[in-house]
Amino acid sequence: MQQTGSPDDWWRSAVIYQVYPRSFADSNGDGVGDLPGIARRLPALKRLGVDAVWLSPFYTSPQKDAGYDVADYCDVDPLFGTLADFDHLRAESRELGLRLLIDLVPNHTSSAHAWFQEALAAGPGSPERERYLFRPGRGEAGELPPNNWDSVFGGPAWTRITEADGTPGPWYLHLFDASQPDLDWTNPWVHERFRDILRFWLDRGIDGFRVDVAHGLVKVPGLPDYTPSPGGSMGGDTSDAPYWAQDGVHEIYREWHEVLTEYGPDRVLVAEAWVNPLSKLANWVRPDEMQQAFNFGYLETPWAAGPLRSVVDASLAAFGAVGAPSTWVLSNHDVIRHATRLALTPPPPQGAGIGPRTQPRPDTAVGLQRARAATAFMLALPGSAYLFQGEELGLPEAIDLPDSARQDPTFFRTGGELYGRDGCRVPIPWEAGSPASGFSPSGKSWLPQPADWPEYARDAQDGVPGSTLEFYRAALALRAEHGLGAGAIEWLEFGGPDVVAFRNAGVTVVANTGAGQVTLPEGRVALTSEPLADDRVLPGDTTVWLVA
Ligand code: GLC
């Protein structure tokens, strides 16, 4: 079902690079990355060989959840710059031929958003209150939350308000932090506002949106109590929770699809939807809804031949059945970087993070070797792949962040029991000898960079054979040259239970997920995730691409 060839279909095979604005490049020295910093560093991404950039939120925000708490969807937070800086960044990316996606956060606003402040001020029974999910409490005096739901970040999903006259009021729902009240998507007013927001950014020339929590907008009417099945959790993606993956969300995306179509056939919506199984997730990418959905089933698959082959088959079948490309992703701003995660067995649950007290410590060398092998496997698959800033440098998770530096609401809402996601969000290194390794001219960094960050700096790897950066560049160039993103795979039975091998567009890909050595089949080695001592022998935790 895969169709490619038209520039309108660029996203079917694109490699999309996630920029996390606060940690990418700081131009003004305040220790937080910004839009001018990104614009200046775009040529490095062009050189890397990606097709598009996705920016995590840079909107006006109190930054309680690193910008996923939006106080104005149509403006830039002064921390990151101005709308003019955004326009400049857009122009620069266009000049370089890089598509640009931005983040849209429709499940909740910030509590600082005017919509919520107006709802508080307008009082009970007002239309403003109907923008959000205010409900009376249970118990004799409404002193108990309206239901038993927990926030994804820990603690109850409800916070009680105090009315203007000082009396205790109703509670509002927040699936995430208390500073992130959920919108009521049964209210047509909310639909209208978001259509306006889509148009605001499409008018500024963006290519599409990554849609945050795209499985959460609609809740079961009546907001019933929920008991996760054994082994499940309230925030888990396998659950039958009354707030995840409700059928009603699809109507919203059909509506948005129409808005995007007004701007041309090449605009895209990408679902961040933690939905299992993949066959259900495929509903998000039916022809009249979104174009892509992140494949978290793939991200969560261990580095092991059998599970990898199964998840690839299941992905191609599920997305292919609705005419959508599969996507592939190994790292993002919510998970432990794969250069560390692949050395953890089993990895902690998504969002939990790791830190100084985690035992045993992951082996950095093993993690990096597996990460490069896993990336070589991923980039050879047909479909669209996502990269997270810094993975092309081989960055590991920053484990030893002091508690005092941590900022993820998960850390605070669990009383420090879970470290959360800060370890993958540390500002990235550019030049080994510069302040903050080139991240910021002042040397400041909103999260402290580990002492060995200079070793990973881009300039320390540039032109160095065998470096992770050169490996990524080579993989991306070969992927484009052979059209692997638009290809189709044929499995090869080869090498035993730890080996997963396939052919795509004339390239033979062999990944050895075990520790033993494997004799390679015929072919010239075009790419290898680690230097090979012998061209015919594939060591453990290594992937090669062979051509005729
Ligand atoms: C998504 C984002 C995550 C954020 C959450 C709430 O999962 O990727 O970073 O905390 O939504 O907006």
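What you see is a predicted model, and the numbers here were worked out from it, not measured in a lab. (Residues numbered from 1 in each chain as written. Predicted model: local features only at pLDDT ≥ 70, side-chain atom pairs only at ≥ 80, totals over all residues. Heavy atoms only, no water.)

**Let's talk about the site of the ligand**
Phase 1 of the analysis: Surveying the vicinity of the ligand reveals 14 residues, the closest of which are Asp65, Asp212, Glu272, His333 and Asp334.
Phase 2 of the analysis: Here an oxygen atom of the ligand sits 2.9 Å away from a polar atom, N or O, in the side chain of histidine 333.
Phase 3 of the analysis: For the ligand, an oxygen atom lies 2.9 Å from a polar atom in the side chain of arginine 421.
Phase 4 of the analysis: Taking 310 Å² as the accessible area of the ligand by itself, protein coverage stands at 96%.
Phase 5 of the analysis: Residue classes in the shell around the ligand are distributed as four nonpolar, three polar and seven charged. (Near = heavy atom within 4 Å. Polar contact = N/O pair within 3.5 Å; in protein donor to acceptor, adjacent residues only side chain to side chain. Areas by Shrake-Rupley, 256 points an atom, 1.4 Å probe, with all protein chains shown as cover. Nonpolar A, V, L, I, M, F, W, Y, C, P; charged D, E, K, R; others polar.)

**Concerning the pairing of strand β2 (residues 52-55)**
On a regular strand, one side chain projects to one face of the sheet and the next to the other, so that they alternate.
Phase 1 of the analysis: Along β2, one buried face is formed by Ala52 and Trp54 and the opposite face, lined by Val53 and Leu55, is buried too.
Phase 2 of the analysis: Relative to β2, strand β1 (residues 15-19) is paired through four bridges, and the arrangement is parallel. Within β2, the position partnered with valine 19 by the bridge is leucine 55.
Phase 3 of the analysis: Crossover handedness for the path β1 to helix α1 (residues 35-48) to β2: right-handed.
Phase 4 of the analysis: The pairing of β2 with strand β5 (residues 99-104) spans four bridges and is classified as parallel. Along β5, the bridge assignment pairs valine 53 with leucine 100. (Buried < 20%, exposed > 50% of the residue type's maximum accessible area, 1.4 Å probe, protein only. Helix = DSSP H or I, 4+ residues; strand = E, 2+ residues; numbered from the N terminus. Pairing = 2+ DSSP bridges. Right-handed = clockwise from strand over helix to strand, strands pointing away.)

**Here's the deal with the sheet that holds strand β6 (residues 134-135)**
Phase 1 of the analysis: If you walk across this open sheet you meet the three strands as β6-β8-β7, and the pairing is antiparallel. Where the open sheet ends on each side, the last strands, each with one partner, are β6 and β7 (158-162).

**Here's the deal with unusual backbone geometry**
Phase 1 of the analysis: The peptide bond linking threonine 345 to proline 346 adopts the cis configuration, its omega dihedral lying at -10 degrees.
Phase 2 of the analysis: Summarising the element assignment, proline 346 is placed in the loop between α9 (338-341) and α10 (364-379).
Phase 3 of the analysis: The step from glutamine 359 to proline 360 runs through a cis peptide bond, and the omega angle for that step is -10 degrees.
Phase 4 of the analysis: On the secondary structure map, proline 360 appears in the loop between α9 and α10.

**Notes on the pairing of strand β15 (residues 499-504)**
Phase 1 of the analysis: Of all six residues that make up β15, five are buried, and the element is covered over most of its length.
Phase 2 of the analysis: Here strand β14 (residues 489-492) pairs with β15 via four bridges, running antiparallel. Its bridge partner lying in β15, leucine 492 is registered against alanine 501.
Phase 3 of the analysis: Between β14 and β15, which pair antiparallel one after the other, the connecting turn spans six residues, and glycine 495 there sits at a positive phi close to 80 degrees.
Phase 4 of the analysis: Linking β15 back to strand β16 (residues 507-512) in an antiparallel pair, the connection comprises two residues, with alanine 505 at a positive phi of about 50 degrees.

**What to know about the packing of α1 against helix α2 (residues 83-96)**
Phase 1 of the analysis: One way to put it is that α1 packs onto α2 with a least axis distance of 9 Å and a crossing angle of 10 degrees. Taken together, the axis directions place α1 and α2 in an arrangement best described as roughly parallel. For the pair α1 and α2, the contacting residues are Leu35, Pro36, Ile38, Ala39, Leu42, Pro43 and Lys46 in the first and Asp85, Phe86, His88, Leu89, Glu92, Ser93 and Leu96 in the second.
Phase 2 of the analysis: By residue class, the composition of the contact of α1 with α2 is nine nonpolar, two polar and three charged. (Axes fitted to C-alpha atoms, helices over the stretch in contact; angles between N-to-C directions. Parallel < 35°, antiparallel > 145°, perpendicular 65-115°, else oblique. Contact = heavy atoms within 4.5 Å.)

**Considerations on empty space enclosed by the protein**
Phase 1 of the analysis: Under the defined criterion, the tally for this structure stands at three cavities of 30 Å³ or more.
Phase 2 of the analysis: Counted as a void, the largest cavity has a volume near 60 Å³.
Phase 3 of the analysis: Around the largest cavity, the lining residues are Arg22, Gln63, Lys64, Asp65, Ala66, Gln407, Asp408, Pro409, Asp422, Arg425 and Trp446.
Phase 4 of the analysis: Of the residues assigned to the lining of the largest cavity, the class counts are three nonpolar, two polar and six charged. (1 Å grid on protein atoms, 1.4 Å probe; cavity = no way out; pocket = protein on both sides within 12 Å on 5 of 7 lines; lining within 4 Å. Points joined across faces, edges and corners; volume = space filled by probe spheres on them.)

**Let's talk about the domain arrangement of the protein chain**
Phase 1 of the analysis: What the domain assignment lists for the protein chain is domain 1 (7-109 + 187-461), domain 2 (114-173) and domain 3 (489-547).
Phase 2 of the analysis: Taking only C-alpha atoms, the centre of domain 1 and the centre of domain 3 are 30 Å apart.
Phase 3 of the analysis: If you look at the interface, domain 1 gives 18 residues, while domain 3 gives 22 residues.
Phase 4 of the analysis: Carbon and sulfur atoms supply 62% of the area buried between domain 1 and domain 3, which totals about 1600 Å² over both sides.
Phase 5 of the analysis: The tally of links from domain 1 across to domain 3 stands at three salt bridges. (Domains from an automatic or database assignment. Buried area = accessible area lost by both parts, 1.4 Å probe. Salt bridge = Lys/Arg side-chain N within 4 Å of Asp/Glu carboxyl O.)

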